[in-house]
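Residue-level structural notes
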Amino acid sequence: MQGTQGRSNRRGAATLLMMSAMLAMSPAAFARTGKGSGGGAGIGAAAISGVVRDAQGVAQMGALVQVLAANSMTVGTAFTDQHGRYVIANLSPGKYLVRASATLFVPTQKANLQLRTGATAVVNLTLAALFDTASWLPAQRRRADETEDDWKWTLRSTANRPILRIVEDGETIEVSSSASETPESMRVKALGAVESGDGGFGQGGVHNIVTMHRGLDDGSDLMMRADVGTSTRGSQDQTGSAAASNEFDLGYEGKTGFNGGASRTVVSYQAHPELVGSGFLPGMQGGVGYQAMEINSAQRMSLGEHAELEAGGRMVAVKAGDARVASHPFVRVSAHPTGEWTIEYRLATDRGLQEFDDVTTAEGDVPVALVRNGKLALESGHHQALSVAHRTGRASFQAAYYRDGFSNVVVQGGEAARTALPDATVSDSALVQAIPLTVPNGMLLDPTTGTFRALAAGYKTSGLRLTASSAITPSLWIAAEYSSGDALSTGPAGLMPMPTSFADALTGLQARWSQTATVAIKGRILKSGTRVRASYRWQPVSGVTAVDPYSAFGDQAYLSCLIRQTIRIGHMAPPGLEATIDVTNLMAQGYRPFLSADGQTLYFAQSPRTIQAGLSFTF
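Residues numbered from 1 in each chain as written. Predicted model: local features only at pLDDT ≥ 70, side-chain atom pairs only at ≥ 80, totals over all residues. Heavy atoms only, no water.

1. Considering the overall build of the protein chain
Put simply, the rule reads: Where helices and strands are cited, they refer to DSSP runs of H or I of at least four residues and of E of at least two residues respectively, numbered from the N terminus. Residue exposure (1.4 Å probe, protein chains only): buried if accessible area is under 20% of the type maximum, exposed if over 50%, otherwise partly exposed. Residues are treated as being in contact if the distance between any of their heavy atoms lies within 4.5 Å.
Check the secondary structure of the protein chain and you find five helices and 37 strands. Here the protein chain holds 619 residues, and 48% of them are scored as buried. Counting only contacts in the protein chain whose residues sit at least 6 apart along the sequence, the fraction spanning at least 24 positions is 65%.

2. Here we look at the confidence of the model for the protein chain
Put simply, the rule reads: pLDDT measures the predictor's confidence residue by residue and takes values from 0 up to 100.
In this model, the protein chain carries a mean pLDDT of 76, and residues with pLDDT of at least 70 account for 72%. Across residues 233-241, where pLDDT falls below 50, the model places 19 contacts with residues more than four positions away in sequence or in other chains. The low-confidence segment residues 432-437, where pLDDT is below 50, has eleven contacts with residues more than four positions distant or belonging to other chains.

3. Some thoughts on the pattern of salt bridges
Opposite charge on two side chains permits them to pair, given that their charged atoms come into close proximity. Worth spelling out the cut-off: The salt bridge definition used is simple: a Lys or Arg side-chain nitrogen within 4 Å of an Asp or Glu carboxyl oxygen.
Within this structure, the stated rule accounts for 17 salt bridges. A salt bridge links R531 to E578; the nearest nitrogen and oxygen atoms lie 1.6 Å apart. Taken together, the residues R531 in strand β32 (residues 530-538) and E578 in strand β34 (residues 577-584) connect sequence positions 47 residues apart. Classification of E578 by relative accessible area gives buried; the value is 7%.

4. A word on a nonpolar patch on the surface
Which entries qualify depends on this criterion: Residues with no salt bridge and a relative accessible area higher than 30% make up the patches, which join like charges within 9 Å and nonpolar side chains (Val, Leu, Ile, Met, Phe, Trp, Tyr) within 5 Å. Per-residue and other accessible areas follow the Shrake-Rupley method at a 1.4 Å probe size, with only the shown protein chains counted as cover for residues.
Side chains of V228, F248, V267, Y269, M293, I295, M315 and V325 sit close together on the surface and give an oily, nonpolar patch of about 640 Å² of accessible area. The set of elements that each furnish at least two residues to the nonpolar patch consists of β16 (262-271) and β19 (291-302). In this structure, M315 sits in strand β20 (residues 307-320). Of the residues examined, M315 reaches a relative accessible area of 41% and is grouped as partly exposed.

5. Let's talk about the environment of V316
Among the structural elements, V316 can be located in strand β20. A relative accessible area of 4% means that V316 is categorised as buried. Between the alpha carbons of V316 and H328 there is a distance of 8.1 Å; along the sequence they are twelve residues apart.

6. Let's talk about unusual backbone geometry
Despite not being glycine, N90 shows a phi value in the positive range, around 60°. Mapped onto the elements, N90 comes out in strand β4 (residues 85-91). Look at Y558: it is not a glycine, yet its phi comes out positive at around 60°. Turning to its location among the elements, Y558 is positioned in strand β33 (residues 558-566).

7. Details of the packing of aromatic side chains
Definition in use: By convention, a stacked pair of Phe, Tyr or Trp rings (six-membered ring in the case of Trp) has centres within 6.5 Å and planes under 30 degrees apart, an edge-to-face pair has planes over 60 apart, and any other such pair is tilted.
The full count for this structure, using the stated rule, is nine aromatic pairs. Plain terms: the ring middles of F502 and F604 are 6.3 Å apart, the flat faces sit at 40° to each other, and that makes the pair tilted. Taken together, the residues span a long stretch of sequence, with F502 in helix α5 (residues 502-507) and F604 in strand β36 (residues 601-604) at a distance of 102 residues. F604 shares its class with F502; the two are buried. Members of the aromatic cluster, joined through ring pairs, are F452, F502, F594 and F604.

8. Focus on the nonpolar core
Across soluble globular proteins, nonpolar side chains have a tendency to be buried as a group. The condition that has to hold: By nonpolar core is meant a set of buried Ala, Val, Leu, Ile, Met, Phe, Trp, Tyr and Cys residues that side-chain atoms within 4.5 Å join together.
Ranked by size, the top nonpolar core spans 46 residues in total, and within it Y290, F502 and F604 carry the most contacts. In this view, F502 contacts P440, N441, G442, M443, F452, A454, F594, L602 and F604; residues no more than four positions away in its chain are not counted. Of all hydrophobic cores here, the second largest spans 22 residues; its members include V65, A100, L113 and L125.

9. Section: the sheet that holds strand β7 (residues 108-115)
To keep it simple, the criterion reads: Strand pairing is assigned whenever DSSP detects at least two bridges linking the two strands. For helices, the fitted line uses only the C-alpha atoms of the stretch in contact; every axis is such a line through C-alpha atoms, and the angle between N-to-C directions lies from 0 to 180 degrees.
One open sheet holds the four strands; their spatial order is β3-β2-β5-β7, and the pairing between them is antiparallel. The open sheet terminates on both sides in strands that have one partner only, identified here as β3 (74-79) and β7. For this sheet, the mean angle separating the axes of adjacent strands, direction not counted, is 20°. Relative to β7, strand β5 (residues 94-101) is paired through six bridges, and the arrangement is antiparallel. Looking at the pairing, A100 lines up with T108 of β7.

10. A closer look at the pairing of strand β26 (residues 395-415)
Each regular strand shows side chains that alternate between the opposite faces of the sheet. Burial of β26 is extensive: 15 of the 21 residues sit out of reach of the surface. Pairing of strand β25 (residues 380-392) with β26 involves 13 bridges; the strand directions are antiparallel. Looking at the pairing, Q384 lines up with R403 of β26. Linking two consecutive strands that pair antiparallel, namely β25 and β26, is a turn of two residues; a positive phi of about 60° is found at G393 within it. Bridge analysis of β26 against strand β29 (residues 460-473) gives eleven bridges, and the strand direction is antiparallel. Counterpart to G405 in the pairing with β29 is K460. Two elements, β26 and strand β28 (residues 451-457), share seven bridges in a ladder whose sense is antiparallel. Paired with N408 across the two strands is A457, which belongs to β28. Pairing of β26 with β36, which is carried by three bridges, proceeds in the antiparallel orientation.

11. Regarding the pairing of β36
Pairing of strand β35 (residues 592-595) with β36 involves four bridges; the strand directions are antiparallel. By the bridge assignment, R592 is partnered in β36 with F604.

12. Focus: the environment of G405
Looking at where G405 falls in the secondary structure, it is placed in strand β26. Along the chain, G405 and Q384 lie 21 residues apart, while their C-alpha atoms are 9.2 Å from each other. Setting aside its immediate chain neighbours within four residues, G405 contacts S380, G381, H382, Y459 and K460.

13. Considerations on the side chain of Q539
By the element assignment, Q539 lies in the loop between β32 and β33. Leaving out residues up to four positions away in the same chain, Q539 has contacts with Q515, T516, T545, A546, V547, Y558 and Q606.

14. Some remarks on the environment of A479
Of note, A479 is situated in strand β30 (residues 476-489). You can call A479 buried: its relative accessible area is 3%. Taking the C-alpha atoms as reference points, A479 and A395, 84 residues apart in sequence, are found 9.5 Å from one another.

Put into structure tokens, the structure is as follows:
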């Protein structure tokens, strides 16, 4: 009897031992329990549990969670399971630091965690992707007419990456992506828009825009954009035929397979038959027709877990009677010693292309080329900046030192008569009536808007930039920026230059030290669904170019705003209908008038006033 009972007890103990071994060897148990402090599961031991997510709220599988004691010794580790959860048990009471890390993420931590006897603390951690760190600062230039977030390319692998880990015994744990798959209905998107108004240089008349986005099965993206303009009164080419601008963009983004990187290429073509410039056509004082083609490309990759590299460039070819080709490379290196600090070096030669995200199919500026000494000349510059940024809670701060050098500087302006008389038509413009005989040398004129651009002499400068930003709601942030440095100026405010030629007016512009300050707000108002980007950038009115032109707000002088509003009228309006209004320099500040030799009153301005509005429909 006793023998039978003994054998039964031994069988029960063996069964219990086998079940415990199977449970301990399971991947889920490895992911959730981790390694304790070595003291065993004693009475009164404490534990830490929680969930690790990324900035978009996606649970991260396979993230490493560590518990460090006051002497920086690791006392517990665990890998998160398929739901991003972890548990680290068998911890002695005391003060600890909890840290989470994963490939292509900046490590994050929770310090000064006090554990009491028998307590279980819940510590949820959020990982910021290496490529998302800069989003806390408006460090990149963004045009007021930029497309909405749904249309901006993103590096898919930062939020949708498979993870493969091999445990010590060589067993492979097979896992799937931590992010949900994109529904098939969202893989193809199209946007149609119509815009009109008092547009900027090269953007006059009515514009019909179609944008298409296609996500491929391998994770790559295709983008196409077509902007077909409609001629307006007074917009004619040399033969008297109606002229309208057109722009076509084709882009591709794919993974490079190297350190989770990506590459992006956009090919753009612009045709502006309405633009007029002296010396464009051989043997004539004035000519029309302007074509530009650009190839923009960039690559982005990580350098270990604490640094990233972006490099690329722009190849520009302009044809206006003669032809000119130029290249503009850029390099950006960012290091993240901790989750709160970022050190960045930036080299750029084009204000519109300074980083990976600037390679986009959104509307681009017209490359300015003018005839000098019988050859076309383009703006050229060289920008270097070293910055340090610190993030704390919802706020972030950045300090940067920069050095700029320009060979040719784009200066813009227009005809003061049209500004003073906003109801005047294009045909009332004295500049347009004088075409093609008296377009001043060195001027590229857009008759549809009455604005011009020119190339002034270059200069060198250096300065300081301070930026602070903070999220005021989950969907709205505010930023302030201060910059110092040189800018081209016409002289003391209120001084009207004597009658002179256009060439003399350009020569009279001098580089002078100045300062600028900007306050901006950007985001979405949740209750109304309104998306807004508004800023006021102040600098002395005598300045006709921007102080620190490579900064995030270098192209938005004075009061400017972009408002996008979803239209909902019951079942009368289709879903996806939006109204847009885009205003630059609303109060027409910073105009510097001068008299040309033929008696016309012209002006220079850092940002001439423009107002455009339109409707868009997503389908």
